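Structural overview for review
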Amino acid sequence: ENIMAAPSQLHWNQMIEIYALVTVFLLFKHFFVVLYSADISQHPSEDFDKGIIKPDTPVPDDIKRRSRVLANDLENIPIHLSVFILAFVVQNLVNMTGQGFYGTWALSVLYPVYAGLRTIFTICYLQAIQPFRTVVFILANITVFTTCAILLYSAFIIDVGAFSN
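Residues numbered from 1 in each chain as written. Predicted model: local features only at pLDDT ≥ 70, side-chain atom pairs only at ≥ 80, totals over all residues. Heavy atoms only, no water.

A short note on the environment of Thr134
Tracing the chain through its elements places Thr134 in helix H5 (residues 132–157). On the accessibility criterion, Thr134 (36% relative accessible area) is partly exposed. C-alpha separation for the pair Thr134 and Cys124, spaced ten residues apart in sequence, amounts to 8.9 Å. A polar side-chain atom of Thr134 sits 3.0 Å from a polar atom in the side chain of Gln130. (Helix = DSSP H or I, 4+ residues; strand = E, 2+ residues; numbered from the N terminus. Buried < 20%, exposed > 50% of the residue type's maximum accessible area, 1.4 Å probe, protein only. Polar contact = N/O pair within 3.5 Å; in protein donor to acceptor, adjacent residues only side chain to side chain.)

Quick look at the structure:
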């Protein structure tokens, strides 16, 4: 079997659909975390002036934890997302040259696995579940590093001369 076999149109379409769905899922996850992490002490001064919020309201520990969850997402997901998207673009270029079945398949699996692991990580972080939180964090990062390996491999096998014809 040729390791460089061309992905079928179905595989290619599935990768695009999976990437679109997972990206939208991560966006909704992000909005949920932002809303859930709202810190009552971070309101504008007019909320305090109108008596909506009392200025001496202490920030509960769960709000602090939620803020750390949001900070963790903002520190990790954007760079990870850029790796997945770049791998997606390069893999599609490889696919256009008639190669890349295994990269297409792997990326179609890695991205949703990453999103699932980051969701589990968020739940573990919010619920203070250790050491499972750390294990899930490491597994999510393994999917990113594996995607980096696919990205590099794809970047070096691509034949850009195929596009000049």
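Re a nonpolar patch on the surface
Residues Ile120, Ile129, Phe132, Val135, Ile138, Leu139 and Ile142 make up a contiguous nonpolar surface patch of about 570 Å² in total accessible area. Summarising the element assignment, Leu139 is placed in helix H5. (Patch = residues over 30% accessible without salt bridge, like charges linked within 9 Å, V, L, I, M, F, W, Y side chains within 5 Å. Areas by Shrake-Rupley, 256 points an atom, 1.4 Å probe, with all protein chains shown as cover. Salt bridge = Lys/Arg side-chain N within 4 Å of Asp/Glu carboxyl O.)

Details of H5
Taking 1.5 Å per residue, 26 residues should reach 38 Å; H5 reaches 38 Å between its end C-alpha atoms and fits that length. Those residues of H5 that sit buried are Arg133, Val136, Ala140, Asn141, Thr143, Val144, Thr147, Ile150, Leu151 and Ser154. Turning to H5, the residues buried within the fold contact helix H3 (61–96) and helix H4 (101–127). (Expected span 1.5 Å × (residues − 1). Contact = heavy atoms within 4.5 Å.)

Structural notes on the confidence of the model for the protein chain
Averaged over all residues, the pLDDT of the protein chain is 82; the fraction at 70 or higher stands at 77%. Taken element by element, the predicted model of the protein chain shows its lowest mean pLDDT in helix H2 (residues 45–49) (62) and its highest in H5 (94). (pLDDT = per-residue confidence, 0-100.)

As for H3
With 36 residues, H3 extends 52 Å between its outermost C-alpha atoms, agreeing within 8% with the 52 Å of an ideal straight helix rising 1.5 Å per residue. Of all the bends in H3, the largest measures some 30 degrees and sits at Ile77, one to four residues before the proline Pro78. Backbone geometry just after H3 places Gly98 at a positive phi near 85 degrees. (Bend = angle between axes of the 7 residues up to and from the residue.)

Details of the packing of H4 against H5
Here H4 crosses H5 at 155 degrees, and the two axes come no closer than 9 Å. Put simply, H4 runs roughly antiparallel to H5. Crossing of H4 over H5 shows left-handed handedness. Of H5, the residues touching H4 (which contributes Gly103, Ala106, Leu107, Leu110, Val113, Tyr114, Leu117, Arg118, Ile120, Phe121, Cys124 and Tyr125) are Phe132, Arg133, Val136, Phe137, Leu139, Ala140, Thr143, Val144, Thr146, Thr147 and Ile150. When the residues that make up the contact of H4 with H5 are grouped by side-chain class, the tally is 17 nonpolar, four polar and two charged. (Axes fitted to C-alpha atoms, helices over the stretch in contact; angles between N-to-C directions. Parallel < 35°, antiparallel > 145°, perpendicular 65-115°, else oblique. Left-handed = near helix turned anticlockwise from the far one by under 90°. Nonpolar A, V, L, I, M, F, W, Y, C, P; charged D, E, K, R; others polar.)

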